[in-house]
Amino acid sequence: MATYKETVGTAVTNYAGNSPSVVDGELWYDSTNQDFRYQYAALSSTWATGGDLNQGRRGVGLGTIGTQTAGICVAGNNEPPDSVGANVETYNGTSWTAANVVNTGMKFGAASGAPSSAIKYLGEAAPGARTLNTETWNGTNWTEVNNTNNSRSSVSGAGDSSTSAVAMAGYAGPGSQDNVELYNGTNWTEVNNVNTARWGGGSVGAVPSALLVGGYTSTAVNSVELFNGTNWTEVNNLNTARYEGAGAGTTSAGMYWAGNSGSADNKTELYNGTNWTETNDLPTSFVQAGGGGTQTAGISYAGWPSPNIANSYEWTANHPVGAWSTGGSLNTARGFGSSGGTYTAGLYFGGTTTPGNTTYSAAAEAYDGSSWTEVNDLNTARFAGGGVGATNTAALMYGGIGPPGGNEDATETYNGSWTEVNDMNTARHGIASVGASNTAALAVGGSGGTQLNEIWNGTNWTEVNDLNSARHTAAGAGTTTAGLVFGGDGPPALTKTESWNGTNWTEVNDLNTARSNIAGSGLQTGALAFGGWLSPGRTGKTEEWNGSGWTELADLSTARYDLTALGAGTTANNLAIGGNAAPGQTAATEEWSGSSNTIKVLTD
């Protein structure tokens, strides 16, 4: 029998605790806990926010078109309600760009193909007026070609180019249709009908192998049929009956998401050629979206409920994820504190010890990676201020609320003890903090919703360019030349994310979940957002920013708001500290470990 060294190429090493140098799958012996351990990368398939369309819309075409990095959104239902649009937008994996419009506006039709070779057909050219119109796209312009034989709307389409498409079922007076037509690059030809007449079904695949998924007869159905180019065969049903959802992939590796199951739905199901399996939900529920891509890299865009949405979401299979675990508790339970430093050398200071925020704490505690130790107090007791720092011996505290309940402008630096330095220009609380040094920080937003932004150079505060969206109790990440602010209360609670380049703020892709009193840390290119107030209560939701979009990850063990983050400069390791968790202020600390640090104990 081969030894571990013969198989892996290295012997099992001893280490007191978790080894900092192992790679995925490598075994070591923890001499402190007297057990064998190994490290692995946890993976999950997830939806992340993508770039927003320039124009919100719905009914953009039930069909698979484009990829996650090269998409196309065709026409649809614009605002005001029930209007018909002709606008077209293309996607490059980051942002949508307006392209040449279609010749005949369309909603509730079908679209299929690729970004450089697509086709749109059927639908409504005016409210209630179904059309036979067909147009092809060459990557630049739309050209009218031969019409379909039968006019209908809410039709499902599949195909991989402008010369090959199938139009499946749909709606025409007085109801659901079973008609199917094939396009060969010149003409449409009627072929065998689907087994179950329906409208609003999803589509997966191309020609000659396509799926018609779900739909509506006199109610939502979960029926799925497979087309082989000639005949239709009923295959295994969806888990959840719905219609007006979107699809992507192939008939052996497909997916279907969102739709109407009696109300807008956020479910996602994967197909392996035989069965459908429910997987991670979308961040929001909607109907009448467009979609494309593959089962491992899909995209969803547009949709409804009112007003029509401009959001797009990107699906990524086997995305590395991390996990929360229990860390050392604070000595004093409190929320609305501030922090500076790293997850192994951090400082937590100020806050309030009562749920009604009637107390003002000056306490400061230092974290060494496992436990908290009380250190010298602030000079001014306060909560909801800003805080940054490089370590637990170099931090900065500014603003907040202090007794008897007024906004503070006081600034203090810490080097083992606290020293008052020059005040902020504008007293305020609920500040988002950006920066990783007590000599360079931003104080962003605050007090009742403001756009104010001040920069600290180690000596003085200077007002610089404001945020685009006023807010307080938001979270910040990054540095004074490359920052990020997200969430907060405008009011209402916001999803808005803004990026700072050292001079100006630019709105970028939103959080998936609007919330205030949120915590966050990291860099402009990679950040974490967690916890917060999500009406009507606390949340443990965690989202990761990858530089272009947010992805939902594992929740905190303890849902809470008014919590504080600690983990300057990284998303791999962070702390969630204190906050308000039922029934009141908590001392709990949770440690976030990125996928490369996920540890398993080997058991019998």
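Reading the values: the criteria
Residues numbered from 1 in each chain as written. Predicted model: local features only at pLDDT ≥ 70, side-chain atom pairs only at ≥ 80, totals over all residues. Heavy atoms only, no water. Helix = DSSP H or I, 4+ residues; strand = E, 2+ residues; numbered from the N terminus. Rg over C-alpha atoms; globule rule 2.2 N^0.38 Å. Buried < 20%, exposed > 50% of the residue type's maximum accessible area, 1.4 Å probe, protein only. Contact = heavy atoms within 4.5 Å. Areas by Shrake-Rupley, 256 points an atom, 1.4 Å probe, with all protein chains shown as cover. 1 Å grid on protein atoms, 1.4 Å probe; cavity = no way out; pocket = protein on both sides within 12 Å on 5 of 7 lines; lining within 4 Å. Points joined across faces, edges and corners; volume = space filled by probe spheres on them. Nonpolar A, V, L, I, M, F, W, Y, C, P; charged D, E, K, R; others polar. Polar contact = N/O pair within 3.5 Å; in protein donor to acceptor, adjacent residues only side chain to side chain. Core = buried A, V, L, I, M, F, W, Y, C linked by side-chain atoms within 4.5 Å. Phe/Tyr/Trp six-rings, centres within 6.5 Å; stacked < 30°, edge-to-face > 60°. Pairing = 2+ DSSP bridges. Axes fitted to C-alpha atoms, helices over the stretch in contact; angles between N-to-C directions. Salt bridge = Lys/Arg side-chain N within 4 Å of Asp/Glu carboxyl O.

### What about the overall build of the protein?
For the protein, the count of helices and strands is 1 helix and 60 strands. Expected size for 604 residues packed as a compact globule is a radius of gyration near 25 Å; at 27 Å, the protein falls within 12% of this value. Taken along its principal axes, the extent of the C-alpha atoms in the protein is 80 × 70 × 40 Å. Counting over 604 residues, the protein shows a buried share of 56%. Considering only contacts in the protein between residues 6 or more positions apart, those separated by 24 or more positions represent 50%. Surface accessibility of the protein: about 21900 Å² in total, with carbon and sulfur atoms responsible for 46%.

### What about empty space enclosed by the protein?
One pass over the structure, following the stated rule, counts 3 cavities of 30 Å³ or more. Within this model, the largest cavity holds a volume of roughly 80 Å³. Forming the boundary of the largest cavity are G59, V60, G61, L62, F108, G109, S154, G200, E244, Q288 and A289. Tallied by class, the residues present in the lining of the largest cavity amount to 4 nonpolar, 6 polar and 1 charged.

### Notes on the side chain of E124
Among the secondary structure elements, E124 is positioned in strand β11 (residues 124-126). Among the polar contacts made by the side chain of E124, one reaches the main-chain amide nitrogen of G128 at a distance of 2.8 Å. Not counting the four nearest positions on each side in its chain, E124 is found in contact with V84, G105, M106, K107, F108, A129, R130, T131 and S153.

### Brief notes about the nonpolar core
Formed by 20 residues in total, the largest nonpolar core has its most connected members in L53, I65, I72, V74, W96, W142 and Y301. Sorting the residues of this core by element identifies β6 (71-76), β7 (85-91) and β28 (297-301) as the ones contributing at least two each. Counting residues per element, this core draws most heavily on β6, at 4 residues. In this structure Y301 touches L53, V60, I65, I72, C73, W96, A289, G290, G291, N311 and S312, once residues within four positions along its chain are discounted. Judged by nonpolar contacts, the second largest core, of 14 residues, contains A248, L270, F286 and I309.

### Description of the packing of aromatic side chains
Going through the model one piece at a time under the given rule, you end up with 28 aromatic pairs. Relative to W418, the ring of Y414 lies with its centre 4.8 Å away and its plane at 40°, an arrangement referred to as tilted. Exposure class is identical for Y414 and W418. Each is buried. Ring centres 5.1 Å apart and planes at 40° place the aromatic pair W500 and W505 in the tilted group. Summarising the burial analysis for this pair, W500 and W505 share the class buried. Put simply, the rings of Y171, W199, Y216 and Y243 touch in pairs and so form one group of aromatic residues.

### Comments concerning the sheet that holds strand β32 (residues 346-349)
Here 4 strands make up an open sheet; going across it, the order is β31-β32-β33-β34 and the pairing antiparallel. Edge positions in the sheet fall to β31 (338-341) and β34 (372-375), since each has one partner strand and no second. Recorded for the sheet is a direction-independent mean angle of 25° between the axes of neighbouring strands. Relative to strand β33 (residues 364-367), β32 runs antiparallel, the two being bridged by 4 bridges. Following the sheet pairing, L347 is matched in β33 by A366.

### Examining the pattern of salt bridges
For the structure shown, the criterion picks out 15 salt bridges. With a shortest N-O distance of 3.0 Å, E454 and R428 are connected by a salt bridge. Of the two residues, E454 is situated in strand β43 (residues 453-456) and R428 in the loop between β40 (418-421) and β41 (432-437); the sequence distance between them amounts to 26 residues. Its relative accessible area of 1% is what places R428 among the buried residues.

### Some details on the side chain of E543
Tracing the sequence through the fold places E543 in strand β53 (residues 542-545). The buried category is assigned to E543, whose relative accessible area is 0%. A polar atom in the side chain of E543 sits 3.1 Å from the backbone nitrogen of T513. Reaching out from E543, the side chain makes a polar contact with the side chain of R515 at a distance of 3.0 Å. Residues contacting E543, with those up to four places away along its chain left out, are L511, N512, T513, R515, A527, L528, A529, W550, T551 and E552.

### So, the sheet that holds strand β10 (residues 117-121)
Consider a sheet: its strands pair through backbone hydrogen bonds, and that pairing is either parallel or antiparallel. The antiparallel open sheet is built from 4 strands, whose spatial order is β9-β10-β13-β14. With partners counted over all chains shown, the strands left at the sheet margins are β9 (110-114) and β14 (142-145), one partner each. Recorded for the sheet is a direction-independent mean angle of 20° between the axes of neighbouring strands. Taken together, the 4 bridges between β10 and strand β13 (residues 134-137) define a ladder with antiparallel strand orientation. Looking across to β13, one finds that Y121 is bridged to T134.

### A closer look at the pairing of strand β19 (residues 202-205)
Taken together, the 4 bridges between β19 and strand β20 (residues 210-216) define a ladder with antiparallel strand orientation. Each bridged residue has a counterpart across the sheet, and for G202 the counterpart in β20 is V213. Hairpin connection between β19 and β20: a loop of 4 residues separates the two successive antiparallel strands.

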